[in-house]
Every structure is written in structure tokens, then in C-alpha cells.
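Notes for the structure review
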Amino acid sequence: MTSEGIASDQTEAVLGDYDVIIIGAGPAGLSAGIYASRAGLECVILEKGVPGGQVITSPMIENYPGFAEVPGMKLMETMAEHARRYVDIKEGEEVLRVRAGEKFELGTSSGRYTCKAIILATGSSHRKLGVPGEEGMTGKGVSYCATCDGFFYKGKEVVVVGGGNTALTDALYLVSIGCKVTIIHRRAEFRADQHLQLSVKQHKIPVMMDTVAEEIVEGEEVTGIKLRNISTGVVKTMPVNGVFVAVGEVPSSQLAAELGLEMDPGGFITVDRSFRTSVPFVYAAGDVSGGIRQIVAAVHGGAAAALSCFEDLMNPYYRKI
Ligand code: NAP
């Protein structure tokens, strides 16, 4: 091992050589594994934690066809179990570096792997506000998942920070379970879809526009949030029990950057309709490739990426399997 904890090229044995390595075991990665393996490709899924991705934090999924109502954890356990029929999922195996060459070489904390193709299904994580108190109070009043944690704030004062679809959906969810909600948004207009804006109005949810969070008051639990109105400059501390942060997602695209993949300004990997990236034999699917953050879309992307990978590896004018 090197001092950074990454397996060294020279000394570490190759733990596996595959046609394709799938990085990430969320819906996109699991779907890619099923399709790649069923197409006859030697493949493995490397997952830094446990299978499931962000879906496992959703208490209930109601829009995945075939499952009218299913807890996120249950859906992903079922999907992982299905995938394991075809493909090995190595859990706790974080890919720390990747290098292109005659073959791709991936370094993890336990060794290195080689492969002819890679499918990146690394997902995204919640964007942080980056204000004092946020980190320290996470889990003590600061949350990034209204559907996971909202229940604890029934009857209490909370704010939702953000102006996109997630923020407004979260605010409506929190109101429906009995929280006293105010929406804080940094601009004068919401980014969210019109129907959500209308619903927020109909539910008379108070909104504070042109307002930014400057600090979350620290204590044993959150007691307030310091806000600044950017048009008037007025700063005030609003007493609240909970702060739900819904300011978007940050794609997990560090490996994509190492491979020199084309990305949009937000860091989402650019893919074509077949989920091919700008680098041959590298494919991307799920949240890391942008688009609608929906399970059904990730599952589609994973399958399409695997089939594109199969086509490319079998193409005698491209590269032989
Ligand atoms: P988003 O659309 O990127 O919106 C993020 C919001 O947070 C924006 O209003 C943005 O403000 C604000 N923001 C960003 N950084 C901030 C910061 N540092 N401080 C304060 N505010 C900040 O993200 P999202 O709402 O999570 O949605 C992501 C994707 O999921 C979208 O494609 C969305 O349609 C989809 N989605 C769909 C549904 C649905 O259909 N029901 C539900 C949830 C999500 P500005 O507007 O000023 O940039």
C-alpha cells in the first residue's frame, strides 16, 4: 500500500481482470450488472459502501413501475438480490484512482483491478450550504432528506432552504405531516416547476425570497438560523427546530475527471443517447450523468450503458473481446 492507502501498481497483485467493471451499486449500477452479465460479459460491481445508493434513504417509493408502494430499502435489497444472481457485488470496495492504458486499471484500498471497459454509476451527493453550524448540527436538526427525517419535526418550526423541485416537494411533504414550514430561497423566483409553486401557494406555505442562510445556530440541537435578505441587507435570526437543506446535488465525478471525460459545468458526465461518454469504452449512467433523478431513469441508463458496452467490445473494427 502507498502512504495514501491506495494500492501500489508495482507491488499489489491484480484482484481481478474483467471485460467491464461497474463502479457503484445504486439502481444504475445494478441494472448495468444484470444486463452486462446476461450479455455474456465478465463483470463485477465495485461499491464503496452497501448496494442501493441514495434510494435506501427514501421511506417510500411510489413511482417505480411494478411497485405501487415500496420502502426504498426494500426496493434496493430486491434489486441487489436480483443482480447477485448474475454478478458479484464487492461491497466496501471504493475505487480511489483509475487510469486508462492498454487496459483500464483501477486502484482500491485493497488492490487493483484491470478491465477493458468501465461503467460509471457513481451517483451524486447532497450539496451543502457551506455555512457555520451546518456540519456540526447535521443529524441534530440539519437534514438533507425530508422524507427520512421529517417525522421527527411534526408540530415543530422548520425551514426548507432551496428553490428547486426538491425544496418545494420537501416543503409540501413536511406540511402534510404537520410541520410548520417556511421556505428560504436565495433569489426572487423559484426554479421549481409551476405546479409545485402553485401547490405551495395553495397550502399557504410562507416563503422568504432573496434570502440566504448565513449560519445555523449551534447547541445541543438546532435552535435557529441566521438569515440575510440580500436586497435590504437586513440580518435576523429565526428560531427553528429543523433546517432541511435542498440546494441540489453534486455529482460524484472525481473518477470521470481522472479519465478526462467531458462534463457539463455542474460536473455531470456528458453522455450520448446510448450512455457512451467522450472516452471510448467508458460509459456513465444514473445521477452522475445528470438528467432526471429518478430510479426508473437510472435503471434505463444502466441497461443502455451495458448494451452499448457489449456492442463496442464485440465490434471487430473497434476492439475484440
Ligand atoms: P436544483 O433543481 O438544482 O435546485 C437547487 C436549488 O437550490 C435552486 O433553487 C438553487 O437556487 C438553490 N441553491 C443551489 N445552491 C445554493 C446555495 N449554495 N445556497 C442556497 N440555495 C442554493 O436541484 P433539485 O431541486 O434537487 O432538483 C434536481 C433534479 O431532480 C431536477 O432535475 C429536478 O427536476 C428533479 N426532481 C424532480 C422532482 C419532481 O419531479 N417531483 C422532485 C425532486 C427533484 P437557484 O435557483 O438560484 O439556482
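Everything below is about the structure printed above this text.
Let us look at the structure shown here.

Conventions and cut-offs
- Residues numbered from 1 in each chain as written.
- Predicted model: local features only at pLDDT ≥ 70, side-chain atom pairs only at ≥ 80, totals over all residues.
- Heavy atoms only, no water.
- Pairing = 2+ DSSP bridges.
- Helix = DSSP H or I, 4+ residues; strand = E, 2+ residues; numbered from the N terminus.
- Contact = heavy atoms within 4.5 Å.
- Buried < 20%, exposed > 50% of the residue type's maximum accessible area, 1.4 Å probe, protein only.

1. Looking at the pairing of strand β13 (residues 224-229)
With five bridges connecting them, strand β12 (residues 211-216) and β13 associate as antiparallel partners. Within the sheet, the bridge partner assigned to Ala213 lies in β13 and is Leu227. Sheet analysis places β13 next to strand β14 (residues 235-239), joined by five bridges and oriented antiparallel. When the sheet's bridge partners are listed, Ile225 is paired in β14 with Met238. Hairpin remark: β13 followed by β14, antiparallel, with five residues in the connecting loop; positive phi at Gly233, about 80°.

2. Concerning the environment of Asp287
Looking at where Asp287 falls in the secondary structure, it is placed in the loop between β17 (282-284) and α7 (295-314). On a C-alpha basis, the gap between Asp287 and Gly242 in space is 27 Å, while along the polypeptide they are 45 residues apart. Residues in contact with Asp287, not counting those within four places in the same chain, are Gly123, Ser124, Phe268 and Arg293.

3. Some thoughts on the pairing of strand β15 (residues 242-245)
Consecutive side chains along a regular strand alternate between the two faces of the sheet. Of the two faces of β15, the one lined by Gly242 and Phe244 and the one lined by Val243 and Val245 are each fully buried. Sheet topology note: the strand β8 (residues 142-143)/β15 ladder contains two bridges and is parallel. Across the sheet, the residue bridging to Val142 is Val243, located in β15.

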